[in-house]
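The primary structure of each chain is shown beneath.
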There are 2 protein chains.
Amino acid sequence: MDPDAPMYTDVSDVGEFGLIAHLRDALGPDLPDDVVTGIGDDAAVIRQSDGSVHVHTTDALIEGIHFDRTFMPMEHLGFKLISVNVSDLAAMNVSPQYATVTLGIPKNITVEHLRTLYEGIQKGCDAYGVTVVGGDTTSAQALTLSMNVWGTAEEDAVVHRSGAEPGDVLCVTGDLGASYAGLKILADERNRLEEEGEDFQPALDAFPYVIRRHLAPPAQEASIRRWRNAGFRPSALIDISDGLSSEVHHICEASDVGARIFAPTLPLHPETRNVADHFGDDVDVYAFFGGEDYELLFTADESDLDALDGTTYTIIGEVTDAEKGVLVEQGGGTAIPMRPGGFDHFGEDENSDAAE
Amino acid sequence: MDPDAPMYTDVSDVGEFGLIAHLRDALGPDLPDDVVTGIGDDAAVIRQSDGSVHVHTTDALIEGIHFDRTFMPMEHLGFKLISVNVSDLAAMNVSPQYATVTLGIPKNITVEHLRTLYEGIQKGCDAYGVTVVGGDTTSAQALTLSMNVWGTAEEDAVVHRSGAEPGDVLCVTGDLGASYAGLKILADERNRLEEEGEDFQPALDAFPYVIRRHLAPPAQEASIRRWRNAGFRPSALIDISDGLSSEVHHICEASDVGARIFAPTLPLHPETRNVADHFGDDVDVYAFFGGEDYELLFTADESDLDALDGTTYTIIGEVTDAEKGVLVEQGGGTAIPMRPGGFDHFGEDENSDAAE
């Protein structure tokens, strides 16, 4: 760069995906032949000498950015750390095997806090079949958690974002928007605590489901195990970490297809509806833009779904030709374009107000 | 814990290795049979179905803890990030193949900073034969870099800390204490800058070697490649990240042996001596306790060294029986016990004054 004419670009001006494109560019274009999937998917996929693939992901949780220690018990935080990583492997239809944990520890965190954190990690290890094999510990200004999780799979068992075909149905596991509803409740409690001081009475008991979905979300590792046992393989797959809308757009871009979502079919837990009512919000906004659900969004030939228990997924729409775009039908037959927004860690997105 | 009698333990009271023991304990004792080496070594070693092993390491660099952005150019920081990780694999006699990068980005870091950081990472990738296959980006309060590096190897090619035998020689690659000398110069410059303000004239030109060794240390990947080509395999191996003294003690503990170091043989660069003279320090303290050299400490049957170019290593001592302890001979035939201290990230060590 010419030092007389410096050009500085805020990360928020390019957003998370723009930044990733810049960083990939700085690394140069050459990828060895054995790298099936590099930067940009949920996980990296590398072909091994025995014909299987090594599938690897990494995800970080940072105090003040991803969680507020006031409302995040250490054990839940440990469980959430492993869930967000396992979810990225589930998003490739791969079961996890091993993990490493990197801890940045501020001065006000004790050994007891960290033991409790690790007990939460171990609960996740037990639930998902993971072994922690190493890590790194260091001091830091804010509690900083980074995890790597990997597993091996047959190459043709791995499912990418790019396999959706027009005519496929669009499905989700579980329900949507609950994590965001839980975050709204917790943030509201924090504000009340600050206002009321000693008079504060927590009112969390009314919303146990959504709070748990925010603090200790399960990853859908059990779903992909069921699929494997049933001989089912989706045509395209992604996990819902940044909100349904964002993930549908990712699949449509990678597969060069469009999609039509039927909003009335979105699976919503009664508590999620109650929270939206409580705040006077449109509950569909929680489902489309809330994020951190860690459910799976997948596409499939509808006849392939016969292999599955119908209570384990919901059909929410269909895959269309690319030129039709990504539409939401609210009922009554009219459809409007679905905004691509969702949670962006750098806050550049116009819709990020729904995820704060 | 009994909530009426809380017991809180500062991380600094147990130190880095005490903390790791606590965390391993919280994870429970069960390791699958395919985990050859879990938490506690430089890298995890996992047996794969084809008989080879997957060797995996992770290391983080955090602003304000591991580096000062005032004196750390972004490109050097990227190079150092990959070096510290590759060094952990070299410490197992394993060459790296793939990496992931996790970035926590504060608001005052621009896209241009990060591109330059990644150009430094790519320089390391080119030097060490590594491909970056993925990562995670998020916002953070301080610039937070975490990397994972892994490779595969034949199981019997992996060298652990535990193979040293009495009668082996103790050797190091390269020279010692230069990184700490560079840190002393840089810290001194920062203090002068703060005192002198506009009148400040940097005086870095006199010490290019030690400054480079601190800012952009190379990992000894080339050393282990040379060893492989020469058919040489050390009996025990570790990289010198926390200072020679700490690493000798690690090998002695893991191998159940003692060691006798001949201090006059320690390889020191002339610039390192000059810096110690400049500050009136004992240069041996830099070599024993300075840390961040990223050279390799290894033991071998002396006759096996015939396979190596004699300019690529220095014999600094010998392996003895465990009951003799770890001794330093300063010359003249008398030997004193060597303090185990070295750099500890949580500052509990009595010798940490040498590494600040």
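Here, the structure is the one placed above.
Throughout this document, residue positions are counted from 1 along each chain, in the order its sequence is written. Both sets of labels track the order of writing: A upward for chains, 1 upward for ligands. Since the coordinates come from a predicted model, pLDDT governs what is reported: local features require at least 70, and pairs of side-chain atoms require 80 or more to be given and counted, while whole-chain, interface and lining totals use all residues. Neither water nor hydrogens contribute to the side-chain values; these are computed over all heavy atoms in the structure.

A. Focus on the pattern of salt bridges. Here a salt bridge means any side-chain nitrogen of Lys or Arg lying within 4 Å of a carboxyl oxygen belonging to Asp or Glu. Applying the stated rule across the entire model yields 24 salt bridges over all chains. Here Asp281(A) ties to Lys184(A) by a salt bridge, and the two come within 3.1 Å at their closest N and O atoms. With Asp281(A) in the loop between α8 (270-279) and α9 (283-289) and Lys184(A) in helix α4 (residues 178-196), the pair connects residues that are 97 residues apart, well separated along the chain. Three exposure classes are used, based on accessible area relative to the maximum for each residue type with a 1.4 Å probe and protein chains only: buried under 20%, partly exposed in between, and exposed over 50%. Its relative accessible area of 22% is what places Lys184(A) among the partly exposed residues. For Glu221(B), the salt bridge is made with Arg225(B), and the minimal N-O distance between the two is 2.6 Å. Separated by four residues within a single helix, Glu221(B) and Arg225(B) lie in helix α6 (residues 221-230), roughly one turn from each other. For Glu221(B), a relative accessible area of 2% puts it in the buried group. Each helix corresponds to a stretch of at least 4 residues labelled H or I by DSSP, and each strand to a stretch of at least 2 residues labelled E; elements are numbered beginning at the N terminus.

B. Seen up close, the interface of chain B and chain A. Whether two residues are in contact is decided by their heavy atoms: any pair within 4.5 Å suffices. Taken together, the 71 residues of chain B in the interface contact 71 residues of chain A. Summed over both sides, the interface of chain B with chain A buries roughly 5,800 Å², with 62% coming from carbon and sulfur. Broken down residue by residue, the surface that chain B buries against chain A is led by Leu27(B), Val111(B) and Arg115(B), which jointly contribute 10%. Our enumeration of links across chain B and chain A arrives at two salt bridges. The term buried area refers to how much accessible surface (probe radius 1.4 Å) is lost by two components on association, counted for both of them together.

C. Spotlight on the relation of the copies chain B and chain A. Copies are brought into register by a least-squares superposition over C-alpha atoms of residues with pLDDT of at least 70 in both. Screw-axis analysis of chain B against chain A gives a translation of 0.0 Å along the axis, an RMSD of 0.0 Å, and a rotation angle of 180°. Look at the turn and shift together and you get a two-fold axis relating the two. Of the C-alpha atoms belonging to chain B, the one lying closest to the rotation axis is found on Asp50(B), 3.1 Å away. Most of the interface of chain B is mirrored in chain A, where 100% of its interface residues are also at the interface.

D. Just the packing of α4(A) against helix α5 (residues 208-215) of chain A, in detail. Residues and elements named next belong to chain A. A fitted line through C-alpha atoms serves as each axis, taken over the contacting stretch for helices, and the angle formed by two N-to-C directions is quoted from 0 to 180°. For the pair α4 and α5, the least separation of the axes is 7 Å and the interaxial angle reads 100°. Relative to α5, the element α4 lies roughly perpendicular. In contact with Ala178, Ser179, Ala181, Gly182, Leu183, Ile185 and Leu186 of α4, α5 contributes Tyr209, Val210, Ile211, Arg213, His214 and Leu215. Looking at the contact of α4 with α5, its residues break down into nine nonpolar, three polar and one charged. Note on angle classes: values under 35 degrees are labelled roughly parallel, values over 145 roughly antiparallel, values of 65 to 115 roughly perpendicular, and the remainder oblique. All residues other than Ala, Val, Leu, Ile, Met, Phe, Trp, Tyr, Cys, Pro, Asp, Glu, Lys and Arg, Gly among them, are scored as polar; the first ten of these are nonpolar and the last four charged.

E. Broad picture of the nonpolar core. Residues enter a nonpolar core if they are buried and are Ala, Val, Leu, Ile, Met, Phe, Trp, Tyr or Cys, with the set joined through side-chain atoms within 4.5 Å. One finds Ile121(B), Leu244(B), Val248(B) and Leu297(B) to be the most contacted residues of the largest nonpolar core, which totals 85 residues. Val53(A), Leu81(A), Ala263(A) and Val326(A) belong to the second-largest nonpolar core, a separate cluster that totals 83 residues.

F. Seen up close, the packing of aromatic side chains. Planes of paired rings set the category: under 30 degrees apart is stacked, over 60 is edge-to-face and the rest tilted, where pairs are Phe, Tyr or Trp rings (Trp by its six-membered ring) whose centres lie within 6.5 Å. Enumeration over the complete set of coordinates arrives at 16 aromatic pairs over all chains. Residues Tyr180(B) and Tyr286(B) carry aromatic rings whose centres are separated by 4.9 Å and whose planes lie at 85° to one another, so their mutual orientation is edge-to-face. Of the two residues, Tyr180(B) is situated in helix α4 (residues 178-196) and Tyr286(B) in helix α9 (residues 283-289); the sequence distance between them amounts to 106 residues. In this pair, the class of Tyr180(B) matches that of Tyr286(B), namely buried. Taken together, the ring pairs connect Trp227(A), Phe232(A), Phe298(A) and Tyr313(A) into an aromatic cluster. Two thresholds decide whether a charge sits over a ring: the Lys NZ or Arg CZ must be within 6 Å of the ring centre and within 35 degrees of the ring normal. Directly above the aromatic system of Phe279(A) lies the positively charged group of Lys184(A), at a separation of 4.9 Å from the ring centroid.

In short, the description is geometric, and any link to function would need to be established separately.
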